[in-house]
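# Structural overview
If you want the building blocks of each chain, they are given just below.
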Amino acid sequence: MATNEVVWDEALEALYGLPQGGFDGRYETYLSLIHPDDRDKSIATIQASIAGGGEHRVEHRVLWPDGSVHWVEGWGRVTRNADGEVDGLIGVSVDITERKRAEERLRERDGWIRRLQGITAAISGSASVAEIAQVVIAQAVAATGAGGGVLALIDRSEGALEIVGESGFRPGGLDPWRRFPLDAELPLAAVARTGTPLWGASASWLAERYRSFGAVSKDGGFGVSGTVTIVPFVTQDGPIGALGLRFTDDVVVSLDEQDFLLALAGQSAQAFDRARLYESERDAREAAEEAESRLAFLSRVSELLSATLDPDEALRRLADLVVPRIAEWCSVEAIEPDGSLRNVAVAHADPARAEWARESRRRFPPSPDGIGYVVETGHSVFVPEVDEAALVAVAQTQEHLEAIQLLGLASVMIVPIKRGTAVVGAISMFTTSQRERFDEDDLVFAEEIARRAAVGLENARLHEAERRARHGAELAVEWLARLQAVTSSLSTALTATAVADVIVREGVAALAADAGSVWMLEQDGRLHPLAWRGYPDDLPPAGSSAAADGGPLGDAIAARDIVSVESPEEMLTRWPRLAAMRERVGDVATAATPLLLDERVLGVFYVAFRTEHRFQTQERAFLTTLARQCAQAFERARLYELERARVDAEREARATAEAARMRLQQLQAITEAGLAHVALDDALERMLAALRAAIGSDTAAILLVGEAPHDDLAVRAVLGVEGRGLPTMHASPDDPLLSRVVHHGQSVVTDDAAEIDIPPHVPGELASLAAVPMRASGRIVGVLHAGSRVQRPFTNDDLELLHLAAERVALAVDRAQLFEREHRIAETLQRSLLPERLPELPGVQLAARYLAGSTDVQVGGDWYEVVPLSGGRLSAAVGDVVGRGIRAAAAMGQFRNAMRALALEGLSPARVLDRLSELSIGLGREFATATMLELDPGTGLVSYSSAGHPPPLVLPPGGEPWFLDRGRSTPLGVEPGTAYPEAVAQLTPGTTVLVYTDGLIERRGETLEKGLARLRAAAVGETDPERLVDSVIDALTGEHREDDVALLAIRYMMVPTRFELRLPSEPRSVARFRTESRVWLEEAGVAPQDVEDLILAISEACSNAVEHAGAEGAGVALAAEFRDEDVIVTVQDSGRWQPPHLRFERGRGFRILRALMNDVTVSRRGDGTEVRMRRRIAERVPAS
Amino acid sequence: MSDVGFDHRNDVLLAHLRGEIDIASAEHLQDVILAETRFADESGLVVDLSDVSFLDSSGVRLLFTVHRAMIEQGRPMAVVVPQGTTVASVLSIVEMASVVWTSPTIDGAIEQLFPPEPEAHSPSS
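Residues numbered from 1 in each chain as written. Chains lettered and ligands numbered in written order. Predicted model: local features only at pLDDT ≥ 70, side-chain atom pairs only at ≥ 80, totals over all residues. Heavy atoms only, no water.

## Observations concerning the overall build of chain B
Check the secondary structure of chain B and you find four helices and five strands. Split into buried and exposed, the 125 residues of chain B put 51% on the buried side. Excluding contacts between residues fewer than 6 apart, the proportion of contacts in chain B whose partners are at least 24 apart in sequence is 71%. Accessible surface for chain B amounts to roughly 6300 Å². Of this, 50% is attributable to carbon and sulfur atoms. (Helix = DSSP H or I, 4+ residues; strand = E, 2+ residues; numbered from the N terminus. Buried < 20%, exposed > 50% of the residue type's maximum accessible area, 1.4 Å probe, protein only. Contact = heavy atoms within 4.5 Å. Areas by Shrake-Rupley, 256 points an atom, 1.4 Å probe, with all protein chains shown as cover.)

## Looking at the overall build of chain A
When helices and strands are counted, chain A shows 31 helices and 41 strands. If you take every contact in chain A between residues at least 6 apart in sequence, the share linking residues at least 24 apart comes to 61%. On chain A, roughly 57600 Å² of surface is accessible, and the fraction owed to carbon and sulfur atoms is 51%.

## Things to note about helix α3 (residues 86-93) of chain B
Counting buried residues in α3(B) gives six out of eight residues, a clear majority hidden from the surface. For α3(B), the full list of buried residues reads Thr86(B), Val87(B), Ala88(B), Val90(B), Leu91(B) and Ile93(B).

## Re the packing of helix α31 (residues 1148-1156) of chain A against helix α2 (residues 57-73) of chain B
Geometrically, a packed helix pair is captured by the angle between its two axes and the distance between the axes. Put simply, α31(A) and α2(B) touch, their axes get as near as 9 Å, and they point 130° apart. One element, α31(A), and the other, α2(B), form an angle in the oblique class. Once α31(A) is placed against α2(B), the crossing between them reads as right-handed. Contacts from Arg1148(A), Gly1149(A) and Ile1152(A) in α31(A) reach Ser57(B), Val60(B), Arg61(B) and Phe64(B) in α2(B). Its residues assigned to classes, the contact of α31(A) with α2(B) shows three nonpolar, two polar and two charged. (Axes fitted to C-alpha atoms, helices over the stretch in contact; angles between N-to-C directions. Parallel < 35°, antiparallel > 145°, perpendicular 65-115°, else oblique. Left-handed = near helix turned anticlockwise from the far one by under 90°. Nonpolar A, V, L, I, M, F, W, Y, C, P; charged D, E, K, R; others polar.)

## Observations concerning the pattern of salt bridges
All names here are of chain A. Under the criterion given, the structure shown has 35 salt bridges over all chains. In this structure, Glu 865 engages Arg 900 in a salt bridge whose closest nitrogen and oxygen atoms are separated by 3.2 Å. Of this pair, Glu 865 sits in strand β27 (residues 862-868) while Arg 900 is found in helix α24 (residues 885-904), placing the two residues 35 residues apart along the sequence. Among the residues examined, Glu 865 registers a relative accessible area of 2% and is labelled buried. (Salt bridge = Lys/Arg side-chain N within 4 Å of Asp/Glu carboxyl O.)

## Some thoughts on the environment of Gly91(A)
Residue position: Gly91(A) is located in strand β3 (residues 86-95). When neighbours within four sequence positions are excluded, Gly91(A) is seen to be in contact with Trp75(A) and Gly76(A).

## A short note on the interface of chain A and chain B
Many authors give the size of an interface as the accessible area that is lost as the parts come together. Of the residues lining the interface, 20 residues belong to chain A; the matching set on chain B comes to 16 residues. Around 1500 Å² of area is buried between chain A and chain B when both sides are counted, 61% of it from carbon and sulfur atoms. At the boundary of chain A and chain B, one finds three salt bridges. A salt bridge links Arg1151(A) to Glu95(B); the nearest nitrogen and oxygen atoms lie 3.2 Å apart. (Buried area = accessible area lost by both parts, 1.4 Å probe.)

## Observations concerning unusual backbone geometry
The backbone phi angle of Ala512(A) is positive, close to 55°, even though this residue is not glycine. Summarising the element assignment, Ala512(A) is placed in the loop between α16 (496-511) and β15 (515-521). Phi is positive for Glu95(B), which is not a glycine, with a value near 55°. With respect to the helices and strands, the residue Glu95(B) is situated in the loop between α3 and β5 (101-103). What makes Glu95(B) partly exposed here is its relative accessible area of 48%.

## Quick look at the confidence of the model for chain A
Chain-level pLDDT for chain A is 78 on average; 83% of the residues reach the 70-or-more range. Residue range residues 663-678 of chain A is modelled with pLDDT below 50. Its contacts to residues more than four positions away, or to other chains, number 21 contacts. (pLDDT = per-residue confidence, 0-100.)

## Structural notes on the sheet that holds strand β2 (residues 69-80) of chain A
Residue and element names in this part refer to chain A. Taken in spatial order, the three strands make up an open sheet running β1-β2-β3, and their pairing is antiparallel. Bordering the open sheet on either side are β1 (55-63) and β3, each of which pairs with just one other strand. This sheet shows a mean twist of 30° between the axes of neighbouring strands, independent of strand direction. In terms of strand pairing, β1 meets β2 through nine bridges, oriented antiparallel. When the bridges of β2 are listed, Val 58 appears paired with Gly 74. (Pairing = 2+ DSSP bridges.)

## Some points on the nonpolar core
Counting residues in hydrophobic clusters, the biggest one holds 70 residues, and the most contacted among them are Leu17(B) and Leu49(B). Among the elements that make up this core, the one with the highest residue count is helix α29 (residues 1088-1107) of chain A (ten residues). By size, the runner-up hydrophobic cluster in this structure holds 52 residues, among which are Leu838(A), Tyr864(A), Tyr980(A) and Leu987(A). (Core = buried A, V, L, I, M, F, W, Y, C linked by side-chain atoms within 4.5 Å.)

## Details of the confidence of the model for chain B
On average, residues of chain B carry a pLDDT of 87, and 93% of them reach 70 or more. Taken together, the chains of this predicted complex give a pTM of 0.34 and an interface ipTM of 0.89.

## A word on the packing of helix α28 (residues 1067-1083) of chain A against α29(A)
Residue and element names in this part refer to chain A. Contact geometry for α28 and α29: axes closest at 9 Å, N-to-C directions at 150°. In terms of axis orientation, α28 runs roughly antiparallel to α29. When you trace α28 past α29, the crossing you get is right-handed. Contacts between α28 and α29 involve Pro 1067, Val 1070, Phe 1073, Arg 1074, Ser 1077, Arg 1078, Leu 1081 and Glu 1082 on the former and, on the latter, Val 1091, Glu 1092, Leu 1094, Ile 1095, Ile 1098, Ser 1099, Cys 1102, Ser 1103 and Val 1106.

## Describing the side chain of Glu73(A)
All names here are of chain A. Here Glu 73 lies in strand β2. In this structure Glu 73 comes out as buried when scored by relative accessible area, which is 4%. Setting aside anything within four residues of it in sequence, one finds Glu 73 in contact with Arg 57, Val 58, Glu 59, Val 92, Ser 93, Val 94, Ile 96 and Arg 99.

## Here we look at the sheet that holds strand β36 (residues 1045-1052) of chain A
Residue and element names in this part refer to chain A. The strand order across the open sheet built from five strands is β26-β36-β35-β31-β32, with neighbouring strands paired in antiparallel fashion. Of all the strands in the sheet, just β26 (844-851) and β32 (962-963) have a single pairing partner and so form its edges. With respect to the sheet, helix α26 (residues 1008-1019) is in contact with β31 (953-955), β32 and β35 (991-996), its orientation differing from that of β31 by roughly 20°. Here helix α27 (residues 1025-1036) sits on the sheet in contact with β26, β31, β35 and β36, set at roughly 25° to β26.

Next comes the structure, spelled out in structure tokens:
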């Protein structure tokens, strides 16, 4: 090994394809014989063997000198010297080529599968048909060692076969055959049509079999020299194409290769299908996107055109938009009114050339052939491919031609911009050869752009016109908004001052004025500031409290219109006397607006600027409207304040009424807590009897504690004691027995006679006594005690019984006392609701009674009322509100008050009932009856009406009683709108009418007729009112009345309304005139002062008559009468007539007359003189 | 019915009139009063109407007539007028008080005629 020598035998040389002895024994030679791919591996194995010292095995290929490859397997081991060191290798080799080849074949099949898997991955990663075709061809060529391949797919829509991929052909050689009919007489087409593969067909066979193949082959495109194999692509829908493989020699495709190709074709057919589907989708999507993009572009165009109102600017933006989206270069021309063209915009994709393009446009205005044609015809110019001739035609000069040649134009479009049918401009678009040329789609698109541009421009034009109009409208809207703000603020202003504040605040703010004020025009014509702003607080605003005449405020009021000045000069010219004020306040421009409400001036609204200000129309309109709103708000505020006052008053009245009602309710609650009638004495005696029997005492007594502070003990009931005199006894603190019971609440049991001789009502013979306190309502109300005349013990049981009895007695006593108290209260209340006293009326006598139901503590609803009317008449009513208690009492009070008011208003009885009926319904249908009547003592006529009430009884003096039983209708509140009938009766003087409630006549189980008959019988023969009511009550009501009773007796007396007296004309007659007159006047109920004055006047007049009477024995006649509220007195003598100034020469008498009487006239009458005097007198009240 | 009675107090003649004074009685009463004053030494006259229940212009005339006579005699006269009566109102109508001293009481009337001398007051008071 150290020698690096390799020693081979002959067999080994044969293994390496060397002739015998051909191996030179060198290691390097040995290595060179090993296949280069395996060389390193073999060296490594051998080296490892030497290092490890073990055996080794190598497999490597050997390249024989003839170029063939053979597999050799060698085994070897190291050899060692005596020292054990490795000194060489020794081994044997065998040829394993055959075995290796077999192994490789086996591996081939496995390789197909892996190859297919790789292809699958490659195909699935390829999106396009072309990519898939390239993969498929490359794999097929590689797998089969073909010289070239071509792949074609069927285009069903056109019945053609299209080559989509190729490999191994001369470049461009297949171009004429890129696409050919599917039915062509060519092997590729045939396989694609039939789906039947063609394996290893020879060129000669193909030429024979397919007529066109010769031409194809000859043309050299397919250049077939060996065999051809063609595999179809078949999907479930049938063949979709084919793959052709060309071999340079007569290769026969192995079965494995066939399998592989078929599998490849199968896989790729699906992929093609998928890819074509994907591509068609993508195309559609791209088309859609393009369309969308164009639409978006168009809308961008519209948007852009509408975004600016300057037409030129719009067109400039349009040009910028078109480039580079549509064209590389764009120029926009507008046609001026005079027909000339004006370049508006130029845009170029290359900013560096944009200026040049503009310059070019300037230097070479568009030619008639281009834009001129468009302008003239309204049609577009479309040159998809610009050739030299076109350029020459367009070019105006040689220079121009060179210029446009330099641009390298490839395609041109010029489209018109039209308004209606008129062309107003043109858009020129260009592309250079570097870009795609325009097509028809682009033209359509460009025309659409132009159309939109036209619309945009038209809009801009219209917009400009509209803008001015809108500006005006917007101003109006703005003022309107301010007014609305004011209105909404005003809606919360309830008082005049609040309104004024709002107006000033909003008005000054809206006008951006410096100051403002609102003035009220007062009754006296002066102006009073209500609110102001923009003035120092201590400085009253301009023209403070100025009179309504003069100055801006006064002028505005006078003019009933807005009065304004806009500069200090104008102001001072108009109102020179305001100079000082102007200096002080600084108002320079002012507007005073009257606050008008229905032509009424309520005040003035004043605004001021401290600099000159021109009042715009809108501002004036605003001020006027504001003033109108202010005036209305003032009025509203005034009404509001009135209403509030009214509501307050009403609320107060209601509160008062409510308080009264509450008081009544509380009273009722107390009342109703009481017991019904209890026969207390009976109950107590029964209780004492039971007690005495129970404990076996001789006496039993109940003592009640009196009212503080006396602490009197009154004997309320006693048993076992002679004599029923029940003394009141005093329980002093010293009293050992009672004091313990009453003051300390102790029970006392004693058999010490000395201790019990105290109770004076119990004679001192008691030997034993037991006394317990009676408690009720938490206090000691009395003492219950039992006594024995013989000494005996009272047991605990006795005491307990006493206690229980005391409890019950106390309760009974307490309740009874409560009842008594409440009954008194109820009756007092009832009486308080009835008239305190009856009026005194001349010619009428009245008596009335009210009797509460005796068994009830409740208030009843019976009532009566008498109301004096004018002329001595009277109105009277008796009514009965059904039900009891406070509710009835309250209703009764209302009826009574209403009746008074209505009667005083002058309503007749029936009409009063009409209204009371309405009232009843208003009160919640209080069921009530009533009789109303009106008596005129002057005539004796009584008119009356009855609402379900018992008929009044008429008692004529010395005659048979009868009833006022006409004029009847239903009770009050039964039927809404009832019109009560009214009847009239004539009374003779001295007749008494008795009006009453049913409590007087009704008895259980008895008819009304019987009751009336009883009344009649009881009343007959009695006409004096006082006696009548008493006797009727005595006769008809028992001690226990269930119902309350009201009755009213009215006696009609003849009242002499006239008085006459004639006496001899002598001095002493005067005294008689006085005396007789006094009697008449007093009987007629004339008030004392009136009587005195009238008597004095009569005395004077009569004295005069006597003094100046004529013939001796002539008489003096006095006549006096009541006439309405006057007394008229005439005194007449029969003496000779003398003029008045002579008659009353001394004057004093006449002077007195005139002082006392309302009128005095002296006139001639017959042959004498008549003095006529009138005096207004107070209401007459007859002396009782 | 009416009458008059006389009385004296200090230097004053008191004439007490009573009843109703009218045309039938006035003239007679007037004569009686004038006659009485003529013989009386008193330097003043007070006519007392306290008990007069009625008085008309005849009575007024009486009073004025007597008053004139007294003036002629150089003697002052006053009338006692009961307040709140018809008599008072009559005299008020004819404005008696503007001519004749009147007073509601006799003492007052006398004081009208002869006002008391003001009493001397001590310096310390």
